[in-house]
Amino acid sequence: DKAFYQHLQNARTALSKIERNKIFIDEEYLLNYVSDCEEKNKHMATAILNNLDHKGYVQPSFNLMGTVTGRLTCSGNINFHSLPNKQGLKKAIKSRFDDGFILVADWNAMEFRTAMAIAQQTMLSKTDIHTEAAKLIFQKEIITEEEREQAKIVNFATIYGSTQRDHMEVIQELYPKLFKVISKITQDAEQQRKTINLFGRRRIFKKDTNFRTRGFNNYIQGIAADLCLRSLYLLQEKFEEYNLESKIILTVHDSIVLDCTQKETKVIGKLIREVMT
């Protein structure tokens, strides 16, 4: 529909500007990294080196249509969305400013909170929803890390579906409103062979789809992806309105990555909270 089309156009416009912002790379660090890293990470590091311009920048290329749920992907040789965690490769991304820093603005348990909000279920304001869930499951206030991990498995099973059947009774008891919404959306998806999310994004399913796994998850993941896109272009508009030197350089699933100057820290923090909240 027109509203969703405009949403995508706004995202395209913002992404074209973010691509031109480029990403500054510490070439010396990356050269040392290539000589010492595991073989599986050399391909990615070498691809980044091969695409550096003479000033040390690399230009990402974003694909707005790379996934059915709307999550952004990177086109070309460099997939910044899949840089390995705890392997040191992310440290190659540096600020272009002498006093600058890389800031990652991230939503906390975004997809799960989105599902809870749609179901008008409580617990949305809690800082650590997994600890809160563990308190309900184990009926006590002091929670161990192992108990928190068990609650986390239940929470993720609620929306990702693959182990939903194993935790069905617990999910139904913990989140009765959410359980009803999951059942309704899953049933509608199976009957209609499609879902349409709050933004108007459609997902058409094949006949052999596992609806218990994909029906609700695709619906929620699509909404989360569109919330991220919307925040991305609203934040880009704010940066232009305030004529900021700092730049948005990347988005990875449920986080927005910025290259910031120290002098703009306060205003950027304010804008991020306004837009992303």
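What you see is a predicted model, and the numbers here were worked out from it, not measured in a lab. (Residues numbered from 1 in each chain as written. Predicted model: local features only at pLDDT ≥ 70, side-chain atom pairs only at ≥ 80, totals over all residues. Heavy atoms only, no water.)

A.B. asks: Residues and numbers for the overall build of the protein, please.
C.D. replies: Tallying secondary structure elements over the protein gives 10 helices and nine strands in all. The globule rule puts the C-alpha radius of gyration for 277 residues at 19 Å, and the 21 Å found for the protein is close to it. Considered along the principal axes of its C-alpha atoms, the protein spans approximately 60 × 50 × 40 Å. For the protein, with 277 residues in total, the buried portion stands at 48%. Nonlocal contacts in the protein, meaning residues at least 24 apart in sequence, comprise 62% of its contacts between residues at least 6 apart. Side chains of the protein carry 40 positive and 35 negative charges; the gap between the two charge centres is 7 Å. (Helix = DSSP H or I, 4+ residues; strand = E, 2+ residues; numbered from the N terminus. Rg over C-alpha atoms; globule rule 2.2 N^0.38 Å. Buried < 20%, exposed > 50% of the residue type's maximum accessible area, 1.4 Å probe, protein only. Contact = heavy atoms within 4.5 Å. Lys, Arg positive; Asp, Glu negative; His and termini not counted. Charge placed at Lys NZ, Arg CZ, Asp CG, Glu CD.)

A.B. asks: Tell me what's going on with the state of the cysteines, and back it up with residues and numbers.
C.D. replies: Each disulfide consists of one covalent bond between the sulfur atoms belonging to two cysteines. Here the structure, examined in full by the defined rule, presents zero disulfides. Lacking any disulfide linkage, Cys37 is separated from the closest cysteine sulfur, that of Cys74, by 19 Å. (Disulfide = S-S within 2.5 Å.)

A.B. asks: Account for the pairing of strand S8 (residues 247-252), with residues named and values stated.
C.D. replies: Taking burial as the measure, the six residues of S8 include five buried ones, the bulk of the element. Here S8 runs beside strand S9 (residues 255-260); their pairing, made up of five bridges, is antiparallel. Counted as the bridge partner of Ile248 is Leu258 from S9. From the end of S8 to the start of S9, which pair antiparallel, there are two residues, and His253 there has a positive phi angle of about 55°. (Pairing = 2+ DSSP bridges.)

A.B. asks: Please set out the nonpolar core residue by residue, giving values where relevant.
C.D. replies: Ranked by internal contacts, the top residues of the largest apolar core, which has 78 residues, are Ile25, Ile48, Phe80, Leu178, Phe216, Leu235 and Leu258. Residue contributions to this core peak at 11 residues, all from helix H9 (residues 211-241). Those residues within four positions of Ile25 in sequence are excluded, and the remaining contacts are Leu30, Ile48, Leu52, Gly56, Val58, Ala92 and Ile93. (Core = buried A, V, L, I, M, F, W, Y, C linked by side-chain atoms within 4.5 Å.)

A.B. asks: Tell me what's going on with the pattern of salt bridges, and back it up with residues and numbers.
C.D. replies: On inspection of all chains with the given rule, the structure shows 14 salt bridges. Residue Arg71 pairs with Glu111 through a salt bridge whose shortest N-O separation is 3.0 Å. With Arg71 in the loop between strand S3 (62-63) and strand S4 (73-74) and Glu111 in helix H4 (residues 110-118), the pair connects residues that are 40 residues apart, well separated along the chain. Exposure remark for Arg71: the relative accessible area of 25% places this residue in the partly exposed category. Residues Glu245 and Lys263 are paired through a salt bridge, measuring 2.5 Å at the closest nitrogen-oxygen approach. Residue Glu245 is found in the loop between H9 and S8, and its partner Lys263 is found in the loop between S9 and helix H10 (265-276); the two are separated by 18 residues along the sequence. (Salt bridge = Lys/Arg side-chain N within 4 Å of Asp/Glu carboxyl O.)

A.B. asks: So what's going on with the sheet that holds S9? Residues and values would help.
C.D. replies: Pairing within the open sheet is antiparallel, and its three strands lie in the order S5-S9-S8. Pairing within the sheet leaves two strands with one partner each, and these edge strands are strand S5 (101-106) and S8. Taken over all neighbouring pairs, the strand axes of this sheet differ in orientation by 25° on average, direction set aside. Its contacts with the sheet put H10 on S5 and S9, and the angle it makes with S5 is roughly 20°. (Axes fitted to C-alpha atoms, helices over the stretch in contact; angles between N-to-C directions.)

A.B. asks: A description of unusual backbone geometry should follow, citing residues and the corresponding values.
C.D. replies: Positive phi, normally seen in glycine, also occurs at Ala109, with a value near 45°. Inspection of the secondary structure puts Ala109 in the loop between S5 and H4. Its identity as a non-glycine residue notwithstanding, His253 has a phi of 55°, on the positive side. Position of His253 among the secondary structure elements: in the loop between S8 and S9.

Keep in mind these numbers describe shape, not what the thing actually does.
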